[in-house]
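# Remarks on the overall topology
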Amino acid sequence: MIPIAKKKTQGTALLAVLWLTAALSTIAFSVADTVRAETERGIAAQESLRAYYLARGAVERTYFEIRNPVGDAGGSFTDRFAARRRMYLQEPTGDVLIELLSEHGKLPMRGLSPQLLLRLLRSFGESENDASAIVQKAFSATPPTMASTGQNSGAASAFRPAIASMENVEELLLVPGITSELVYGRYVRLPDGRLVNAGGLADCLSPYIKDAGPLDLYSVHPSLLEANGVSPETAREFAEIRRQAFQPLPALQSWLQRHPIQVRNDLGEVFQIRATARVRLPNGMLSETRRTVSLVLQFTQVHPRFMFINPWSQLRWYDRAFSDIAASDAVWNNTPLPKALPR
């Protein structure tokens, strides 16, 4: 017969072993999960970096093609690319979606009025009281002091006087009440999982154009259509038609016959080359990681006497941009390339 004291000692040792095993198992699972997460994070970072350089190379290639017509392609670049506002490149390393967006899809920033700013803020979802308060501070006649020009400060400020040179849309952040979300827009997810930009002042106002006119068909944001009097339902329908097809011009022309809105299909002299890239995985399929970059260009007509002057100016480069079209899987060709590529 085993003594009672010895039985208690054996039971305590067994319980300690079980607890130690459970603790070691928890640590092992935690380490394995951490290693798996870090491995996935490293793969995603590698894919993002590869996609960045693929998109950047596509922007440089498109810029070269715009400046240097190939073959018998004549006429100005606006004529040559009027029907090529979206292009698709399929390379061994990945696929790239290229968009040419005119600044004429926006309104001149220098022509911003209290009525227009109020309508834009309301189209972004701001309440009537909040939008009115922002407009009142933006166009206040009281000149701001240096201490009260911080972003979203509660002190009285003004938009038109000295704090705004109208050279960058980021100057709107100096207006009390205007947040970065109102300037750059917020991102919402549609019921089908697609991510879209709900719109911001940067999507509707441009410091690079001087005159307002018909808005560019491919570039105008739905929020700007709402601010111009289009109903929210009609603006969403317009955006959905433009988002669904790679070449939406026929469908948009049919839509315009039912909704007479003044628009234009002209690249203009100030436009943006936006490229979104997805790298190709070892199995030939495209990665889910997308990287978008963009370049804003301006073409200035040079007098024949000064042909040595470069007519092209690179106004701004965006390392991180966003494309509603590229966020959808419908526009991507996910067919693997053949092993032997034609030369």
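As the structure is a prediction and not an experimental result, all values here were calculated from the model.

## Quick word on the overall build of the protein
- From N to C terminus, the protein includes nine helices and eleven strands.
- Per-residue burial over the protein gives 40% buried out of 343 residues.
- For the protein, long-range pairs separated by at least 24 residues make up 63% of all intrachain contacts whose partners lie at least 6 apart in sequence.
- Looking at the protein as shown, the accessible area adds up to about 19000 Å², and 57% of this sits on carbon and sulfur atoms.

## Topic: a nonpolar patch on the surface
- Together, Leu 20, Leu 24, Ile 27, Val 31 and Val 35 make up an exposed nonpolar region whose accessible area comes to about 470 Å².
- For Val 35, the location among the structural elements is in helix H1 (residues 4-67).
- Judged by its relative accessible area of 48%, Val 35 falls in the partly exposed class.

## Structural notes on the pattern of salt bridges
- In the structure shown here, the tally under the stated rule is 20 salt bridges.
- One salt bridge connects Arg 41 with Glu 38, and the closest N-O pair in it is separated by 2.5 Å. With Arg 41 and Glu 38 both in helix H1 and three residues apart, the pair spans about one turn of that helix.
- By relative accessible area, Arg 41 is classed as partly exposed at 47%.

## Examining the packing of helix H3 (residues 114-123) against helix H4 (residues 128-138)
- Orientation of H3 relative to H4, taken along the N-to-C sense of each, is 145 degrees, at an axis distance of 9 Å. Handedness of the crossing formed by H3 with H4: right-handed. In contact with Pro 114, Leu 117, Leu 118, Leu 121 and Arg 122 of H3, H4 contributes Glu 128, Ala 131, Ser 132, Ile 134, Val 135 and Ala 138.
- Of the residues that constitute the contact of H3 with H4, the class distribution is eight nonpolar, one polar and two charged.

## Digging into the pairing of strand S1 (residues 86-91)
- Pairing between S1 and strand S2 (residues 94-102): six bridges, direction antiparallel. In the strand pairing of S2, Met 87 is matched with Ile 98.
- Counting the residues that bridge the hairpin from S1 to S2 gives two residues.

## Focus: the environment of Pro 232
- Inspection of the secondary structure puts Pro 232 in helix H8 (residues 232-244).
- Exposure remark for Pro 232: the relative accessible area of 34% places this residue in the partly exposed category.
- Note: C-alpha distance between Pro 232 and Pro 222 (ten residues apart in sequence) is 8.1 Å.

## Quick word on the packing of aromatic side chains
- Taken as a whole and assessed by the stated rule, the structure comprises eight aromatic pairs.
- Seen from their ring centres, Tyr 88 and Phe 246 are 6.4 Å apart, and the 80 degrees between their planes marks the pair as edge-to-face. A residue pair is termed long-range when its members are at least 10 positions apart, and Tyr 88 in strand S1 and Phe 246 in the loop between H8 and helix H9 (249-258) qualify at 158 residues.
- Taking the relative accessible area as the measure of exposure, Phe 246 reaches 24% and is therefore partly exposed.
- When the ring of Tyr 88 is compared with that of Trp 332, the centres are 6.0 Å apart and the planes differ by 70 degrees; the resulting orientation is edge-to-face. Taken together, the positions of Tyr 88 in strand S1 and Trp 332 in the segment after strand S11 (312-318) put the pair 244 residues apart, joining distant regions of the chain.
- By the ring-pair criterion, three or more aromatic residues cluster together here, those being Tyr 63, Phe 271, Phe 299 and Trp 312.
- In this arrangement the basic side chain of Arg 56 is found over the ring face of Trp 317, its NZ or CZ atom lying 4.9 Å from the centre.
- A cation over a ring is seen here: Arg 278 above Trp 332, with NZ or CZ 5.2 Å from the ring centre.

## Some thoughts on the nonpolar core
- Counting residues in hydrophobic clusters, the biggest one holds 37 residues, and the most contacted among them are Leu 120, Leu 121, Leu 172, Leu 201 and Leu 205.
- Elements that contribute at least two residues to this core include exactly H3, H4, helix H5 (180-184), helix H6 (201-204), helix H7 (222-227), H8 and H9.
- Look past the residues within four positions of Leu 121 in its chain and what remains in contact with it is Glu 126, Ala 131, Ile 134, Val 135 and Leu 182.
- Core analysis: the second largest hydrophobic core is formed by 26 residues, Tyr 52, Ala 58, Leu 89 and Trp 312 among them.

## Quick word on the environment of Ala 51
- Looking at where Ala 51 falls in the secondary structure, it is placed in helix H1.
- With a relative accessible area of 0%, Ala 51 lands in the buried category.
- In this structure Ala 51 touches Ala 277, Val 279 and Arg 291, once residues within four positions along its chain are discounted.

## A few points about the sheet that holds S1
- The sheet built from five strands is open, its strands ordered S1-S2-S9-S10-S11 with antiparallel pairing. Edge strands, defined here as strands with exactly one partner in the open sheet, are S1 and S11. Neighbour-to-neighbour, the strand axes of this sheet turn through a mean angle of 20 degrees, independent of strand direction.
- Where strand S9 (residues 270-279) lies against strand S10 (residues 291-299), eight bridges are found, and the strand directions are antiparallel. Looking at the pairing, Ala 277 lines up with Arg 291 of S10.

The rules behind the values
Residues numbered from 1 in each chain as written. Predicted model: local features only at pLDDT ≥ 70, side-chain atom pairs only at ≥ 80, totals over all residues. Heavy atoms only, no water. Helix = DSSP H or I, 4+ residues; strand = E, 2+ residues; numbered from the N terminus. Buried < 20%, exposed > 50% of the residue type's maximum accessible area, 1.4 Å probe, protein only. Contact = heavy atoms within 4.5 Å. Areas by Shrake-Rupley, 256 points an atom, 1.4 Å probe, with all protein chains shown as cover. Patch = residues over 30% accessible without salt bridge, like charges linked within 9 Å, V, L, I, M, F, W, Y side chains within 5 Å. Salt bridge = Lys/Arg side-chain N within 4 Å of Asp/Glu carboxyl O. Axes fitted to C-alpha atoms, helices over the stretch in contact; angles between N-to-C directions. Left-handed = near helix turned anticlockwise from the far one by under 90°. Nonpolar A, V, L, I, M, F, W, Y, C, P; charged D, E, K, R; others polar. Pairing = 2+ DSSP bridges. Phe/Tyr/Trp six-rings, centres within 6.5 Å; stacked < 30°, edge-to-face > 60°. Lys NZ or Arg CZ within 6 Å of the ring centre and 35° of its normal. Core = buried A, V, L, I, M, F, W, Y, C linked by side-chain atoms within 4.5 Å.

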